[in-house]
Amino acid sequence: MAPIGSLWGISYQRQTKYILSAAAIAGLELDLKPFEFGVTNKSPEFVEKFPFAKIPTFEGKDGFTLLEGASIARYVASLAPESGLLGNNIKDTALVDQWIHFAEHEINTFTDLIWQLVKRFFPEKAYSESIHKSVFERQERSLKFLEQNIHLREFIVTDRITLADIILAGVIQRAARVTLGAAERALYPNVFAYYARVAGDPRIKDIFGADDFVEVPVAPKKDE
């Protein structure tokens with residue numbers, strides 16, 4: 001089968017995992033281009049095609065271009081409706097979209113904020129313990145909600161993996177590498193049993209790779 005298009009991304013990036021996983025389950029091929037961060041995305045050829053100069057990005061065989069991992073993954077899923085990645089009807093598809101937005105905005109947003117905070121990416125390398133606590137409490141609220149809903153069925157929308165499951169699993173994996181140590185993960189047994197089901201699917205297991213979860217949440221280094 002000929003590739004449906006070209007993908008620029010890094011295999012360990014969660015957004016790239018979304019896309020590669022969707023393609024694997026859909027039975028579609030992608031041409032994953034060599035990529036060196038800070039070099040490839042700054043080349044004139046790349047910037048001309050993708051002015052935002054970020055990854056992942058996609059170009060179809062017809063020249064159609066996209067950026068943003070979830071959007072590219074959704075497009076890939078739409079090319080194989082028989083895969084069930086977008087559900088079986090319009091209500092399923094609405095639920096898939098609901099959980100994708102929930103994963104990205106109600107869980108991963110807080111993972112990224114905490115990562116940037118503890119790694120002191122903000123002006124003057126500022127760190128605020130109170131802001132850290134507040135952001136984490138917002139993530140906790142979302143995880144508690146997910147924990148209460150995830151056990152209702154094997155997967156979040158239908159009886160087989162949808163794009164929502166792929167993106168939730170990617171977001172959970174990322175959180176467990178940053179904000180959720182062993183003690184925190186123990187509070188969400190349903191969430192992590194679900195993560196294991198999705199990420200352990202033989203079709204995408206190698207794409208998700210090793211869990212590499214942290215034992216304790218990432219914390220700021222003490223000021224010198």
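The coordinates are above.
Described below are features of the structure shown in this document. (Residues numbered from 1 in each chain as written. Predicted model: local features only at pLDDT ≥ 70, side-chain atom pairs only at ≥ 80, totals over all residues. Heavy atoms only, no water.)

With respect to the pairing of strand 3 (residues 57–60)
Now for step 1: Examined bridge by bridge, strand 1 (residues 5–8) and strand 3 share 4 bridges and lie antiparallel to one another. Bridge assignment links glycine 5 to a residue of strand 3, and that residue is glycine 60.
Now for step 2: The pairing of strand 3 with strand 4 (residues 65–67) spans 3 bridges and is antiparallel. Across the sheet, the residue bridging to threonine 57 is leucine 67, located in strand 4. (Pairing = 2+ DSSP bridges. Helix = DSSP H or I, 4+ residues; strand = E, 2+ residues; numbered from the N terminus.)

Considerations on the side chain of glutamate 184
Now for step 1: Take glutamate 184: it is sitting in helix 7 (residues 182–185).
Now for step 2: The contacts of glutamate 184, once residues within four sequence positions are left out, are Phe136, Thr179 and Pro217. (Contact = heavy atoms within 4.5 Å.)

Considering the pattern of salt bridges
A side chain with one charge may pair with a side chain of the opposite charge, provided their charged atoms come close.
Now for step 1: Taken as a whole and assessed by the stated rule, the structure comprises 8 salt bridges.
Now for step 2: A salt bridge links arginine 74 to aspartate 97; the nearest nitrogen and oxygen atoms lie 3.0 Å apart. You can see arginine 74 sitting in helix 3 (residues 69–78) and its partner aspartate 97 sitting in helix 4 (residues 90–118), a full 23 residues away along the chain.
Now for step 3: Given a relative accessible area of 23%, aspartate 97 falls into the partly exposed group.
Now for step 4: Arginine 174 is the salt-bridge partner of aspartate 112, the closest N and O atoms lying 3.9 Å from each other. Of this pair, aspartate 112 sits in helix 4 while arginine 174 sits in helix 6 (residues 163–175), and the two are 62 residues apart along the sequence. (Salt bridge = Lys/Arg side-chain N within 4 Å of Asp/Glu carboxyl O. Buried < 20%, exposed > 50% of the residue type's maximum accessible area, 1.4 Å probe, protein only.)

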